[in-house]
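What follows is the residue order along each chain.
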Amino acid sequence: MRSYDGIQPRMKGCISANALKVIAVIAMVIDHLTYVIPIQQTALYIVMRFIGRLAAPIMFYFAVEAYHHTHSVNKYIGRLSIFALISYIPYIYFMENTLPNMSTWYRFNVIYSILIGVLFIHVKHEVKNVVLKVLVMALLVYLSILGDWSYRGLLMMCVFDFFYRDYEKQRFAYLLVVFTAGNLITYFFENPVLISLTGMPFDTSIYELLLSEWGMIVPIVLLRGYNGKLGKGGRWAKWGFYIFYPAHLLLLALARNIFV
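All values derive from a computational prediction rather than experimental measurement.

Caption draft 1: Expanded view of the overall build of the protein chain. Looking only at helices and strands, one finds 13 helices and 0 strands in the protein chain. When the helices and strands of the protein chain are listed from N to C terminus, the series reads α-α-α-α-α-α-α-α-α-α-α-α-α. Pairs at least 24 apart in sequence give 75% of the contacts found in the protein chain among residues at least 6 apart. A total of about 13,600 Å² of accessible surface is found on the protein chain, and carbon and sulfur atoms cover 70% of it.

Caption draft 2: Summary view of helix α5 (residues 88-96). Here α5 has its buried residues at Y88, P90, Y91, I92, Y93 and F94. N97 sits one or two positions beyond α5 and adopts a positive phi of about 60°.

Caption draft 3: Expanded view of the packing of helix α6 (residues 110-126) against helix α7 (residues 130-144). One way to put it is that α6 packs onto α7 with a least axis distance of 10 Å and a crossing angle of 165°. With respect to each other, α6 and α7 are oriented roughly antiparallel. Considering only the axes of α6 and α7, their crossing is left-handed. Contact with α6, carried on its side by Y112, I116, L119, F120, V123 and K124, involves K133, V136, M137, L140, V141, L143 and S144 of α7 and no other residues of that element. Its residues assigned to classes, the contact of α6 with α7 shows 10 nonpolar, 1 polar and 2 charged.

Caption draft 4: The nonpolar core, seen in detail. Among the nonpolar cores identified, the biggest contains 66 residues, and F60, I111, M156 and F160 are the most heavily contacted of them. Ignoring any residue separated from it by four or fewer positions in sequence, one finds I111 in contact with L80, F83, A84, S87, F241, Y242 and Y245.

Caption draft 5: Expanded view of the pattern of salt bridges. Counting across every chain of the model gives 7 salt bridges. A salt bridge links E213 to R152; the nearest nitrogen and oxygen atoms lie 3.6 Å apart. Placement of E213 in the loop between α11 (205-210) and α12 (218-223) and of R152 in helix α8 (residues 150-162) is noted, with a sequence separation of 61 residues between them. No difference in accessibility class separates E213 from R152, as the two residues are buried.

Caption draft 6: Structural detail: a nonpolar patch on the surface. There is a patch of nonpolar side chains on the surface, built from L139, Y142, I145, Y151 and L155 and spanning about 500 Å² of accessible area. For L139, the location among the structural elements is in helix α7.

Caption draft 7: Just the packing of aromatic side chains, in detail. Summed over all chains, the structure comprises 17 aromatic pairs. Aromatic side chains Y61 and Y226 sit 5.9 Å apart centroid to centroid with 85° between the ring planes, which places their arrangement in the edge-to-face category. A residue pair is termed long-range when its members are at least 10 positions apart, and Y61 in helix α3 (residues 55-69) and Y226 in the loop between α12 and α13 (234-259) qualify at 165 residues. Here F241 and Y245 contribute two aromatic rings whose centre-to-centre distance is 5.6 Å and whose plane-to-plane angle is 35°, an arrangement assigned as tilted. Here F241 and its partner Y245 are both found in helix α13, 4 residues apart, which amounts to about one turn of the helix. Considered together, F241 and Y245 belong to a single accessibility category, that of buried residues. The structure contains a cluster of three or more aromatic residues connected by ring pairs, namely Y61, F62, F160, Y174 and Y226. We note R79 situated over the ring of W239; from NZ or CZ to the ring centre the distance is 5.4 Å.

Caption draft 8: Representation of the packing of helix α1 (residues 17-33) against helix α2 (residues 43-52) in the model. Contact geometry for α1 and α2: axes closest at 7 Å, N-to-C directions at 145°. As for the relative orientation of α1 and α2, their crossing is left-handed in sense. Across the interface between the two elements, A27, I30, D31 and L33 from α1 touch M48, R49, I51 and G52 from α2. Split into classes, the residues belonging to the contact of α1 with α2 amount to 5 nonpolar, 1 polar and 2 charged.

Caption draft 9: The arrangement of unusual backbone geometry in detail. One non-glycine residue, N97, lies in the positive phi region at around 60°. Following the sequence through the fold, N97 ends up in the loop between α5 and α6. Phi at S150 takes a positive value of approximately 50°, unusual for a residue other than glycine. Relative to the elements of secondary structure, S150 occurs in helix α8.

Caption draft 10: Just the side chain of H32, in detail. On the secondary structure map, H32 appears in helix α1. Judged by relative accessible area, which is 8%, H32 ranks as buried. Residue contacts for H32: discarding those within four places in its chain leaves F94, Y245, H248, L249 and L252.

Criteria and thresholds
Residues numbered from 1 in each chain as written. Predicted model: local features only at pLDDT ≥ 70, side-chain atom pairs only at ≥ 80, totals over all residues. Heavy atoms only, no water. Helix = DSSP H or I, 4+ residues; strand = E, 2+ residues; numbered from the N terminus. Contact = heavy atoms within 4.5 Å. Areas by Shrake-Rupley, 256 points an atom, 1.4 Å probe, with all protein chains shown as cover. Buried < 20%, exposed > 50% of the residue type's maximum accessible area, 1.4 Å probe, protein only. Axes fitted to C-alpha atoms, helices over the stretch in contact; angles between N-to-C directions. Parallel < 35°, antiparallel > 145°, perpendicular 65-115°, else oblique. Left-handed = near helix turned anticlockwise from the far one by under 90°. Nonpolar A, V, L, I, M, F, W, Y, C, P; charged D, E, K, R; others polar. Core = buried A, V, L, I, M, F, W, Y, C linked by side-chain atoms within 4.5 Å. Salt bridge = Lys/Arg side-chain N within 4 Å of Asp/Glu carboxyl O. Patch = residues over 30% accessible without salt bridge, like charges linked within 9 Å, V, L, I, M, F, W, Y side chains within 5 Å. Phe/Tyr/Trp six-rings, centres within 6.5 Å; stacked < 30°, edge-to-face > 60°. Lys NZ or Arg CZ within 6 Å of the ring centre and 35° of its normal.

Okay, structure coming up:
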């Protein structure tokens, strides 16, 4: 096991980057199974969606790590671009049960969201012209809305980058994003007040489903255990997620259409 580029690893943790990525992949599969198995509005559904909330934030975190440790940012951006494109049709087919059309073409996958985040961070660090920087960053914010996790993913990546290698500040800022942009405050505290003032009927079903959203808190707890080391895995660790992501979306979509 090694630390990224010889940087001194965090000594408090005991979990490697690749181990955390495996956790994220397992969580992602569990989450996506809820689109295939007819268990909506059950306790099992809420639990599986709760677990699924672990996946993307961990991936966003390690996308920022990869940006800071890659030997070639251009190659990293190119790799993300290729696999975002490869995943385009499988993602829409999985989410919408149809091929891209006028109603679904703008649905983009989580690799696209990571790509937008990496581009945003790169522009922030490298573009010197302030006007150009602001314009490009504004465009990227707009484009992030089209991706899986929307602008929430971009905010999380910005937090991980801005407070890079400072876990305590990352944790505080990440939780701030989760409770605000993640709508936990709105749904659990604001809505009851607004409903009571307007006299609208109180619908508890949305709160039952939104219990799963609290799973977004778990990734930052797991990242506390990150030891700064890459861990075992070799080429599979580098390329596995890129290949597995579109492949599992396609297989799950086909399985849903065949067996469900």
